[in-house]
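Here is how the chains run, residue by residue.
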Amino acid sequence: MAKMEVKTSLLDNMIGVGDMVLLEPLNEETFINNLKKRFDHNEIYTYIGSVVISVNPYRSLPIYSPEKVEDYRNRNFYELSPHIFALSDEAYRSLRDQDKDQCILITGESGAGKTEASKLVMSYVAAVCGKGAEVNQVKEQLLQSNPVLEAFGNAKTVRNDNSSRFGKYMDIEFDFKGDPLGGVISNYLLEKSRVVKQPRGERNFHVFYQLLSGASEELLNKLTLERDFSRYNYLSLDSAKVNGVDDAANFRTVRNAMQIVGFMDHEAESVLEVVAAVLKLGNIEFKPESRVNGLDESKIKDKNELKEICELTGIDQSVLERAFSFRTVEAKQEKVSTTLNVAQAYYARDALAKNLYSRLFSWLVNRINESIKAQTKVRKKVMGVLDIYGFEIFEDNSFEQFIINYCNEKLQQIFIELTLKEEQEEYIREGIEWTHIDYFNNAIICDLIENNTNGILAMLDEECLRPGTVTDETFLEKLNQVCATHQHFESRMSKSSRFLNDTSLPHSCFRIQHYAGKVLYQVEGFVDKNNDLLYRDLSQAMWKAGHTLIKSLFPEGNPAKINLKRPPTAGSQFKASVATLMKNLQTKNPNYIRCIKPNDKKAAHIFTEALVCHQIRYLGLLENVRVRRAGYAFRQAYEPCLERYKMLCKQTWPHWKGPARAGVEVLFNELEIPVEEYSFGRSKIFIRNPRTLFKLEDLRKQRLEDLATLIQKIYRGWKCRTHFLLMRKSQIVVAAWYRRYAQQKRYQQIKSSALVIQSYIRGWKARKILRELKHQKRCEEAATTIAAYWRGTQARRELKRLKEEARRKHAVAVIWAYWLGLKVRREYRKFFRANAGKKIYEFTLQRIVQKYFLEMKNKMPSLSPVDKNWPPRPYLFLDSTHKELKRIFHLWRCKKYRDQFTDQQKLIYEEKLEASELFKDKKALYPSSVGQPFQGAYLEINKNPKYKKLKDAIEEKIIIAEVVNKINRANGKSTSRIFLLTNNNLLLADQKSGQIKSEVPLVDVTKVSMSSQNDGFFAVHLKEGSEAASKGDFLFSSDHLIEMATKLYRTTLSQTKQKLNIEISDEFLVQFRQDKVCVKFIQGNQKNGSVPTCKRKNNRLLEVAVP
Ligand SMILES: Nc1ncnc2c1ncn2[C@@H]1O[C@H](COP(=O)(O)OP(=O)(O)OP(=O)(O)O)[C@@H](O)[C@H]1O
Ligand SMILES: [Mg+2]
């Protein structure tokens, strides 16, 4: 179900009146009572037209929740009970939808809740405007600028634990959709005297305490600070801790806020360094020191603090020390240095601290502005929020109060101007006749202060710039001369003074009748504060600092830019900035929040009437109501008015068909409201007197009660009738259902009875038919049986006859066949016996042999000559054939194998065959040689350049070229020799040089001897008496003995046609020169290794040990 929209109004459930315009009668007392009544019921907001009065509740109320934001969002201003959100919503929507720049002016005295109100406005706007990552960041930066500025610009005072000690105006900029883009903050007149001195019970700016409580030990050490507040002269001791305030936690909040706003780490650190420097400046103390000329000169008592400050700020210690002891005055080209006495030195110190801090504060504002500056150049809509000190009336009012009150005068002025202007514009817009409104215009007071020729500020400036001795008294005298006749200026000193006998007006004071009341100002300090002097030596010393932030704060200290002109005075600076502010505000649509402080104790639930009365007076609130009510007290658009009161007249209730205005006319005529009590505007009805409105409201209330009764009556009737109708409908339904059920049941019964009868009849009929059918079937079966028996008898008779006939025919055939066979056998017996047996035997044998061969064909073994497989023989009688077949097959496959050989391979096999014939089963070395191919030329003489000479010396084909060990005949040791066998010769050459050592023609080789064992020793016996034999036979050992002996044998055979004698014996004789030596092979010791060793035992014996 769609949610029903309930139209509400400010007038619903009002406590007192929600809008002071409706107050009847209007006077101070009723005004305060109304505020009090509402305050007691937790209604802290009350309207004066569109102005919101806010009374500080001094406790948190549940009226700022997100649900409340939703309640007030997009609702009409007068629709719900008064709230700061209603004003914020009105301002925001008018900015977004009607493109009107807005400003929200929040005024009130210290502690009245201005800053809180400004934060509420900002947070409401942040909550209702657009969302998104970028927009949220902008919002966050704008909101987080508050804690930073509050830390540096707020302090605990007797009136407020978090008192803003500066004026703040913030422009929030929006794009065409109403999303925030950025902002600009302006600050006004920081109360810098607080840096060096605080009144009793008050504190210095929060940041000092936050730094000392919240900074880590490491940071404190870096800043050479101590945590103890009492160490610092600038921090008053009597109220260092504020109840309910956690300075340490706030320090973290501020650091975090700085980060969010966009301060770099080094910037935040620089700021804290300046704060530390200010704090430490307060600890510099001076002592007098007499000089020769009798004057006192100040000297720094303890230079340690000075040294630390200089280290922290990068200032040359001697420069700063000098700036505290001397003052240089420059005029034209001259420079005059005078020494400072102790009082002047203290003055200089404090001036420096104040300037350093206030300039740091302005720098902070600029830095924040840089961060929150809108990034686009598109046209922006602006909402300004002004949180500025309200009117101040203290016991001792000085220059600051004067300036502040001046600012409030100006604000009051534009308030009057704009409110009246708006009122007037509305009348014109609505076509209502304008009657003059009598009100107090404070322009005359503004003029008294700001007039350029004889205004108080101009006089003060003139006095400050005048040569000669200038004191606060001379300034007062001047005022007395110039302003004495002004009706808002009061002084006792002026000659023709009306106040000569007024003891409440001391001689050193003047009094101004502000629009909000009379204020007495002490002139003491006016000149000094207006001058706001900082000795040039100090600003130059600061400019020389190594600390970039401090240096940038004192641009006038740059000697290159020396300016002999006086800087503008504090008064004129403030006047200029107020003028700019006013200009700015005038271009915007104003919205007012007037804050009121209910008591002096910062306590909830206490409403001190005298205090409130005082504030109402100086805020000019009654004046405000009067201006607002000057013409008509109440106005409302026709539609909501008709909607609200239409029940009061028969013609308009419940629906009015025509235009709303006509409806309202009919309504007012019907109610007989006097014509002079109201006027019809173009879109609104204007009601002159609140009384009329309340009469309407009373009538409405009465009528609503009647209507409620009527509605109740009708509702009850409707409810009873609906109930009756529902019952009747239900009864019909129940009856119908019951009838249906009964009918259904009866039908089921009839149906089942019919079925039973039906089945009985059908059963009886069926049984009858069955009986008949059975009889008929039995008759048919009897006839068939009789016929079958008859046919059976006939068939058997026929079968018998046929069988008889067939037996007879068969007997005839057998007898005939026997007879024929007898005849044939008798004729052919002699031929069969002679041939048939032999033929059958041969045939059988042939079949068997054929089968054998066919089977063998499939069982043939592989073609490898070494394959020993051969299928088994199937029949004994085929034994010899089988063996023969195996032999033939083997020979055949050997031939096949041989046919593959090339000539070279054939030669190799021939050699291998020869070796086998010569050594098989004779020499134990033979089996190992079978697998080795005979290569002959192991030593490649052709390829090795070392043997070129040797190769050149041999012309014949080389059969063997191999390195052998030649056994020394004398001692059995061996030397390597190249062994060469050619077609005709056997040559020995040196292995290294290749030089031929011996050459033996093959014809001179008679025999080769070797052992039967597994060694490579062999002796070559030479022909006795031949040339080669002069040294005796050769004894060699070689790895290729079998091959060498074979090749020697074959070559000798082919060349000399004689078989070489090869002796294989384990003991043989060799001829060494003249001696015959026996070479004996014995079983050697295994431990000498596997190599045979040879040893000459004596003249006759050479022993070879074979392992
Ligand atoms: N709407 C509110 N709800 C609850 N407490 C409030 C409200 N407004 C103000 N206060 C309380 O009053 C105190 C003072 O308010 P605030 O600092 O806004 O005063 P101010 O008018 O700005 O004073 P000053 O001129 O000294 O800066 C706040 O610290 C807070 O405790
Ligand atoms: Mg404040």
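S.K.: Got a minute to help me understand the site of ligand 1 in this structure?
M.R.: Of all residues adjacent to ligand 1, which total 17 residues, the nearest are S110, K114, T115, S163 and S164. In this structure, an oxygen atom belonging to ligand 1 sits 3.3 Å away from a main-chain N or O atom of A112. In this structure, E116 approaches ligand 1 through a main-chain N or O atom, which is 2.9 Å from an oxygen atom. When ligand 1 is considered free in solution it has 620 Å² of accessible area, and contact with the protein chains removes 85% of it. If you list the elements that add at least two residues to the shell around ligand 1, you get α4 (114-128) and β5 (163-164). If you tally residues by element for the shell around ligand 1, the top one is α4, at three residues. When the residues that make up the shell around ligand 1 are grouped by side-chain class, the tally is four nonpolar, nine polar and four charged.

S.K.: Got a minute to help me understand the packing of helix α6 (residues 206-214) against helix α9 (residues 265-281) in this structure?
M.R.: Each pair of packed helices can be summarised by the angle the axes make with each other and by the distance between the axes. At their nearest, the axes of α6 and α9 sit 11 Å apart, and the two run at 100° to each other. One element, α6, and the other, α9, form an angle in the roughly perpendicular class. Contact residues: V207, F208, L211 and L212 in α6; L272, V275, V278 and L279 in α9.

S.K.: When you look at a nonpolar patch on the surface in this model, what are you seeing that I'm missing?
M.R.: Together, W816, W819, L820 and L822 make up a nonpolar patch on the protein surface, roughly 410 Å² of accessible area in all. Residue position: W819 is located in helix α25 (residues 690-859). Accessibility expressed as a relative area gives 41% for W819, which makes it partly exposed.

S.K.: I'm lost on the coordination of the magnesium ion (ligand 2) in this one. Help?
M.R.: Metal coordination angles in their ideal form are 109.5 degrees for the four-donor tetrahedron and 90 or 180 degrees for the six-donor octahedron. For the magnesium ion (ligand 2), the full set of protein donor atoms is T115 (OG1) and S164 (OG), and the range of their distances to it is 1.9 to 2.0 Å. Of this pair, T115 sits in helix α4 while S164 sits in strand β5, and the two are 49 residues apart along the sequence. Looking at S164, the relative accessible area reads 17%, which means it is buried.

S.K.: Please clarify how the sheet that holds strand β13 (residues 489-490) should be interpreted in this entry.
M.R.: In sheet architecture, strand pairing relies on hydrogen bonds along the backbone and comes in two forms, parallel and antiparallel. The strand order across the open sheet formed by three strands is β13-β14-β15, and the pairing between neighbours is antiparallel. The strands lining the two open edges of the sheet, one partner per strand, are β13 and β15 (517-522). Where β13 meets strand β14 (residues 509-514), two bridges bridge the pair, whose relative direction is antiparallel. Paired with F489 across the bridge in β14 is I512. Contacts between helix α14 (residues 443-450) and the sheet are confined to β13 and β14, with β14 contributing the most and set at about 150° to the helix.

S.K.: Any chance you could explain helix α24 (residues 660-670) here in plain terms?
M.R.: Three or four residues apart is the spacing at which side chains of an α-helix point the same way, because the helix has 3.6 residues per turn. Among the residues of α24, A660, G663, V664, L667 and F668 are the ones counted as buried. The buried residues of α24 occupy an angular sector of 130° when projected down its axis, which confines them to one face. One or two positions beyond α24, positive phi appears at E672, with a value near 55°.

S.K.: In this structure, what is going on with the sheet that holds strand β27 (residues 1061-1064)? I would like to understand it.
M.R.: Taken in spatial order, the eight strands line up as β23-β22-β21-β20-β26-β25-β24-β27 in an open sheet, and their pairing is mixed. Of all the strands in the sheet, the pair left with one neighbour each is β23 (996-1001) and β27. Strand-to-strand twist across the sheet, computed as the mean angle between neighbouring axes with direction ignored, equals 30°. Bridge count for strand β22 (residues 985-990) against β23 is five bridges, and the pairing is antiparallel. Its bridge partner lying in β23, N985 is registered against P1001. The sheet contacts of helix α30 (residues 1041-1056) involve β20 (958-967), β21 (974-982), β22, β24 (1005-1010), β25 (1017-1022) and β27, and relative to β20 the element is tilted by about 125°.

S.K.: Hey, could you run me through helix α15 (residues 456-465) in this one?
M.R.: Among the 10 residues in α15, eight count as buried, and that is most of the element. Of all the residues in α15, the buried ones are I456, L457, A458, M459, L460, D461, E463 and C464.

S.K.: Which parts of the structure should I look at to understand the pattern of salt bridges?
M.R.: Side chains bearing opposite charge may pair, as long as their charged atoms lie close to each other. Taken as a whole and judged by the stated rule, the model has 67 salt bridges. Between K222 and E269 there is a salt bridge, with its nearest N and O atoms 3.0 Å apart. You can see K222 sitting in helix α7 (residues 217-222) and its partner E269 sitting in helix α9, a full 47 residues away along the chain. Residue R1050 is joined to E914 by a salt bridge in which the shortest nitrogen-to-oxygen separation is 3.1 Å. Of this pair, R1050 sits in helix α30 while E914 sits in helix α27 (residues 903-919), placing them 136 residues apart in sequence. A relative accessible area of 22% means that R1050 is categorised as partly exposed. According to the relative accessible area criterion, E914 is buried, its value standing at 17%. Each of E226, R231, K280, E305 and E308 takes part in salt bridges that share partners, so that together they form one network.

S.K.: Would you explain the packing of aromatic side chains in this entry?
M.R.: A ring pair, where both rings are aromatic, is described by two values, the distance of the centres and the angle of the planes. Enumeration over the complete set of coordinates arrives at 41 aromatic pairs. Ring geometry for F415 and Y592: centres 4.4 Å apart, planes at 85°, overall edge-to-face. Here F415, found in helix α13 (residues 399-430), pairs with Y592, found in strand β16 (residues 589-596); they are 177 residues apart in sequence, far enough to count as distant. In terms of burial, F415 and Y592 fall into one category: buried. Note on F510 and F526: the rings are 5.8 Å apart at their centroids and 75° apart in plane angle, and the pair reads as edge-to-face. With F510 in strand β14 and F526 in helix α17 (residues 526-531), this pair connects stretches of sequence that are 16 residues apart. Residues F510 and F526 agree in their burial class; the two are buried. Following the ring pairs from residue to residue traces out a cluster consisting of F399, F402, F475, F489, F510, Y521 and F526. Looking at R231, its charged tip hangs above the ring of Y232, at a distance of 5.6 Å from the centre. Cation over ring: R594 sits above F415, and NZ or CZ is 4.8 Å from the ring centre.

S.K.: Got a minute to help me understand the packing of α4 against helix α5 (residues 133-153) in this structure?
M.R.: Their axes nearest at 10 Å, the elements α4 and α5 cross at an angle of 165°. Relative to α5, α4 is oriented roughly antiparallel. At the point where α4 passes α5, the crossing takes the left-handed sense. Residues T115, K119, M122, S123 and A126 of α4 form the contact with α5, whose own contacting residues are K139, L142, L143, N146 and E150. Split by residue class, the contact of α4 with α5 holds four nonpolar, three polar and three charged.

The rules behind each value
Residues numbered from 1 in each chain as written. Chains lettered and ligands numbered in written order. Predicted model: local features only at pLDDT ≥ 70, side-chain atom pairs only at ≥ 80, totals over all residues. Heavy atoms only, no water. Near = heavy atom within 4 Å. Polar contact = N/O pair within 3.5 Å; in protein donor to acceptor, adjacent residues only side chain to side chain. Areas by Shrake-Rupley, 256 points an atom, 1.4 Å probe, with all protein chains shown as cover. Helix = DSSP H or I, 4+ residues; strand = E, 2+ residues; numbered from the N terminus. Nonpolar A, V, L, I, M, F, W, Y, C, P; charged D, E, K, R; others polar. Axes fitted to C-alpha atoms, helices over the stretch in contact; angles between N-to-C directions. Parallel < 35°, antiparallel > 145°, perpendicular 65-115°, else oblique. Contact = heavy atoms within 4.5 Å. Patch = residues over 30% accessible without salt bridge, like charges linked within 9 Å, V, L, I, M, F, W, Y side chains within 5 Å. Salt bridge = Lys/Arg side-chain N within 4 Å of Asp/Glu carboxyl O. Buried < 20%, exposed > 50% of the residue type's maximum accessible area, 1.4 Å probe, protein only. Donors = N, O, S within 2.8 Å, 3.2 Å for Na, K, Ca; no water. Pairing = 2+ DSSP bridges. Arc of directions from axis to C-beta. Phe/Tyr/Trp six-rings, centres within 6.5 Å; stacked < 30°, edge-to-face > 60°. Lys NZ or Arg CZ within 6 Å of the ring centre and 35° of its normal. Left-handed = near helix turned anticlockwise from the far one by under 90°.

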